[in-house]
Structures are given as C-alpha cells and as structure tokens.
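# Summary of the model geometry
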Amino acid sequence: MDFKNITIAGSGVLGYQIAFQAAFHGYDVTVYDINDEVLDKAKAKFDLMAKAFAHDLHASQEQLASTFDRLSYDSNLTSAVANADFLIEAIPENPAIKISFYNELAKVAPVKTIFATNSSTLLPSQFAEETGRPKQFLALHFANEIWKHNTAEIMGHPGTDKTVFEQVVNFAKSIGMVALPLHKEQPGYIVNSLLVPLLSAATDLLVNEIADAETIDKTWMVATGAPTGPFGILDIVGITTAYNINKINAEATNDPVKIKTVAYLKEHFIDKNKLGVATGEGFYTYPNPAYQSPDFLK
Ligand code: NAD
C-alpha cells in the first residue's frame, strides 16, 4: 500500500523540514506538536523553507503554493493521526519523552498506521514494545537541511516486518531522498558511525598538539578530495554537540585525552560563545571561512 496521509510529530529543527519535504512531494501532511503556540512558530519556519526550496532547488511559486495547501496543523494527537498511513516522530531526544509519546500514540492511532522514529542516537528496539505494534515500527533518520543533505537511513529492529521496511524505503525515495537501508541496528547508523570517529580523531590530534586545526583540515581535504575537513564539519554540526559527546565520553571512560578535549572546547569555544557557523565563529569565521578560500590548499 502506498502512503497518502503523513503525520509528523514534533515541529522542531527536523520535524518541520520533514513535513515540508513530504508535502512538497505530494503527500497530505499533518504537523502535530504539544500546543498551538508551538505550531504557530512552526508555520513561520515554513516560510523560510519555501525560500530555501526556491533558492536551492529552483522550486516554482505554484509548487510552493500547493505544498502549503497540503500542510495542516493539529495539537490534538487523536485527530492528528486519525487518517495517518505513516507517522514520523521527531520529538526531543529523550527516552522518557519518547516512551510516554508512544504509549499515548499506541492508544489512539489507527491499526494501519506505520510509525518511524527520526532519533539520532536511540535504537528502535528501545521503543518497539511501547508502540504497541512492533512489526510496524522502525527508524527513518534524516539529516539537518534535508532538502540539500538528502540522506534517509532506514533501520529496523529485529521484529520489524520486511514489507513495512520496503514501504518506508519507497516512501523515502518518493520524497526525494537517497534511501540508505541498514541490515541491522547500529547506534549512530552509518553516517555517525563514520563521522564521530573522524571528528574525535581530529580533536585528539589537536589537543595532543600534533598539528593545528587548519593543517589537520588541509591534510584531510588534499588527501581525500573532501570539500570540508573535520574542523570545518565541527563548525557546521555545532561545537556544543561535539562538547556534549566528548563530555559523556570523558565521564564514561576517564580517558585523559577526552578530559583534555572537554576542557579545551570549554575554554576556547563554549565560554566564548564561539559555537560554529550558527554564531558566526568557531574554528573558522563566517560567512567566508578560510578553508573555502582558493589559497587554502596551497
Ligand atoms: P527539537 O527540540 O528542535 O524539536 C522537538 C519538537 O518536539 C519541539 O517542537 C517540541 O515542542 C516537540 N515536542 C516535545 N514533546 C513532544 C510530544 N510529547 N509530542 C509532540 N511533540 C513534542 O528537536 P530536533 O532537533 O528536531 O530533534 C528531533 C528528533 O530528530 C530527535 O530524536 C533527534 O535525535 C532527531 N534528529 C535531529 C537532527 C538535528 O540535526 N537536529 C538530525 C537528525 C535527527
């Protein structure tokens, strides 16, 4: 069965992007969040999305107008899912909040509705039973700025039905994503299983005073042809996220290099509000970071 009606739960950073992307590609989308005030804020962000789609994807005014026509908003969970073929959950990365959401959802969603979580760090098996329909539950993981970084990692838990998995792969393709199926559960999916060790190796080199950030980036860019090095990526991801990941790691392992990294990031970046692209400065200054200059790789 093809999906027609989609519900997106959570209209934060990722939720409104997924909603707009699905509506742009012809689905009827209901955006659900905890109250109407939050949903009003989301509506304002959809105007920014329309500008980004026009600029980056050359979307026409007609396409954008029909995208808005297909979006509706509802802060009542029962009516928000009443017709849903597919629900994508993009609520905070907090297991207690997700569990209580799935318990409520299980009571009110129609039998047909398939559920997917967009969680970045939690595994679908952690919530499968809470959904009341483990066979119809899996992870569908998008990246920030999904219209440009159009990865969709699809990851089931051991009890996910194979047909459901395929339906979600097809849905992802139908909204312009590159569908990336995983055969097993993996914390961090593919993208963060690759990215986190790379970024961590880069900060290790820096705090161990092996080389400076620009030289490390230059090495990676020249050697692999990548357009951005690990410190450029850290600025895009946001230094707060790197700081939090290292802090959890340092507390769990007592690794002296991680402890040094936490102190380094705090002193040079967090305390100075140099948090990366979002604040205009991190390892580089924006909008024209040095690594994008034609002379950088010389
Ligand atoms: P966010 O904090 O920006 O947004 C969360 C939204 O959920 C808010 O609008 C909030 O009002 C709403 N919410 C809170 N409790 C709710 C409930 N019980 N029911 C419905 N809505 C509720 O979070 P985000 O960055 O969009 O992340 C959402 C999910 O997407 C997380 O699981 C995160 O791991 C994942 N994710 C985030 C990114 C990213 O770059 N931000 C990338 C990929 C995946």
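The rules we used
- Residues numbered from 1 in each chain as written.
- Predicted model: local features only at pLDDT ≥ 70, side-chain atom pairs only at ≥ 80, totals over all residues.
- Heavy atoms only, no water.
- Near = heavy atom within 4 Å.
- Polar contact = N/O pair within 3.5 Å; in protein donor to acceptor, adjacent residues only side chain to side chain.
- Areas by Shrake-Rupley, 256 points an atom, 1.4 Å probe, with all protein chains shown as cover.
- Helix = DSSP H or I, 4+ residues; strand = E, 2+ residues; numbered from the N terminus.
- Contact = heavy atoms within 4.5 Å.
- Buried < 20%, exposed > 50% of the residue type's maximum accessible area, 1.4 Å probe, protein only.
- Axes fitted to C-alpha atoms, helices over the stretch in contact; angles between N-to-C directions.
- Parallel < 35°, antiparallel > 145°, perpendicular 65-115°, else oblique.
- Left-handed = near helix turned anticlockwise from the far one by under 90°.
- Nonpolar A, V, L, I, M, F, W, Y, C, P; charged D, E, K, R; others polar.
- Salt bridge = Lys/Arg side-chain N within 4 Å of Asp/Glu carboxyl O.
- Expected span 1.5 Å × (residues − 1).
- Arc of directions from axis to C-beta.
- Pairing = 2+ DSSP bridges.

### Considering the site of the ligand
Val-13, Leu-14, Asp-33, Glu-93 and Lys-98 are the nearest of the 22 residues found near the ligand. In this structure, Glu-93 approaches the ligand through a side-chain N or O atom, which is 2.5 Å from an oxygen atom. For the ligand, whose accessible area on its own is 830 Å², the fraction buried by protein is 76%. Residue assignment for the shell around the ligand shows that the elements contributing at least two residues are α5 (95-108) and β6 (137-142). If you tally residues by element for the shell around the ligand, the top one is α5, at three residues.

### A closer look at the environment of Ile-91
Within the fold, Ile-91 resides in the loop between β4 (86-89) and α5. A sequence separation of 76 residues divides Ile-91 from Gly-15, and the C-alpha atoms of the two residues are 7.7 Å apart. Beyond its immediate sequence surroundings of up to four residues, Ile-91 is in contact with Ala-9, Gly-10, Ile-97, Lys-98 and Phe-101.

### Structural notes on the environment of Glu-153
For Glu-153, the location among the structural elements is in strand β7 (residues 151-156). Take Glu-153: its relative accessible area is 2%, and that puts it in the buried class. Note: C-alpha distance between Glu-153 and Leu-182 (29 residues apart in sequence) is 7.0 Å. Apart from the residues lying within four places of it in its own chain, the contact partners of Glu-153 are Ala-139, Leu-140, His-141, Leu-180, Leu-182, Tyr-189, Ile-190 and Val-191. Only 3.0 Å separates the side chain of Glu-153 from the backbone nitrogen of Val-191, close enough to count as a polar contact.

### Let's talk about unusual backbone geometry
Cis rather than trans, the peptide bond between Tyr-286 and Pro-287 has omega equal to 20°. Examined against the element boundaries, Pro-287 turns out to sit in the segment after α11 (256-270). With a phi close to 55°, His-58 is a non-glycine residue in the positive phi region. Along the chain, His-58 falls in the loop between α2 (36-57) and α3 (61-69). The class for His-58 is exposed, based on a relative accessible area of 66%. We note that Glu-145 has phi near 60°; this positive angle belongs to a residue other than glycine. Structurally, Glu-145 is set in the loop between β6 and β7.

### Here we look at the packing of helix α7 (residues 191-207) against helix α9 (residues 230-237)
Two packed helices can be described by the angle between their axes and the distance between those axes. Look at α7 against α9: their axes get within 9 Å of each other, and the N-to-C directions meet at 115°. Regarding the angle of α7 to α9, the classification is roughly perpendicular. In the crossing of α7 with α9, the sense of the turn from one axis to the other is left-handed. Contact with α7, carried on its side by Leu-195, Leu-198, Leu-199, Ala-202, Thr-203 and Leu-206, involves Pro-230, Phe-231, Ile-233 and Leu-234 of α9 and no other residues of that element. Grouping the amino acids of the contact of α7 with α9 by side-chain chemistry returns nine nonpolar, one polar and no charged.

### Overview of the pattern of salt bridges
Where side chains of opposite charge bring their charged atoms close, a pairing between them can arise. One pass over the structure, following the stated rule, counts twelve salt bridges. In this structure, the salt-bridge partner of Lys-98 is Glu-89, at a minimum N-O distance of 2.5 Å. Like Glu-89, Lys-98 is buried. Residues joined in a network through salt bridges with shared partners are Glu-89, Glu-93 and Lys-98.

### Let's talk about α5
When the terminal C-alpha atoms of α5 are compared, their 20 Å separation across 14 residues agrees well with the 20 Å that a helix rising 1.5 Å per residue should span. Those residues of α5 not exposed but buried are Lys-98, Phe-101, Tyr-102 and Leu-105. Each buried residue of α5 lies within a common arc of 100° when the element is viewed along its axis, so the set occupies one face. Facing away from the buried surface of α5 by more than 90 degrees, the exposed residues are Ala-96 and Lys-107. N-cap assignment for α5: the residue whose side-chain oxygen lies 2.9 Å from the backbone N of Ala-96 is Asn-94.

### Overview of the pairing of β6
Within β6, six of the six residues are buried, which leaves the element mostly enclosed by the surrounding structure. Across the two faces of β6 the burial is the same, with Phe-137, Ala-139 and His-141 and Leu-138, Leu-140 and Phe-142 all buried. Strand direction decides the pairing type here: strand β5 (residues 114-117) and β6, joined by three bridges, are parallel. Looking at β6, one finds that Ala-116 is bridged to Leu-138.

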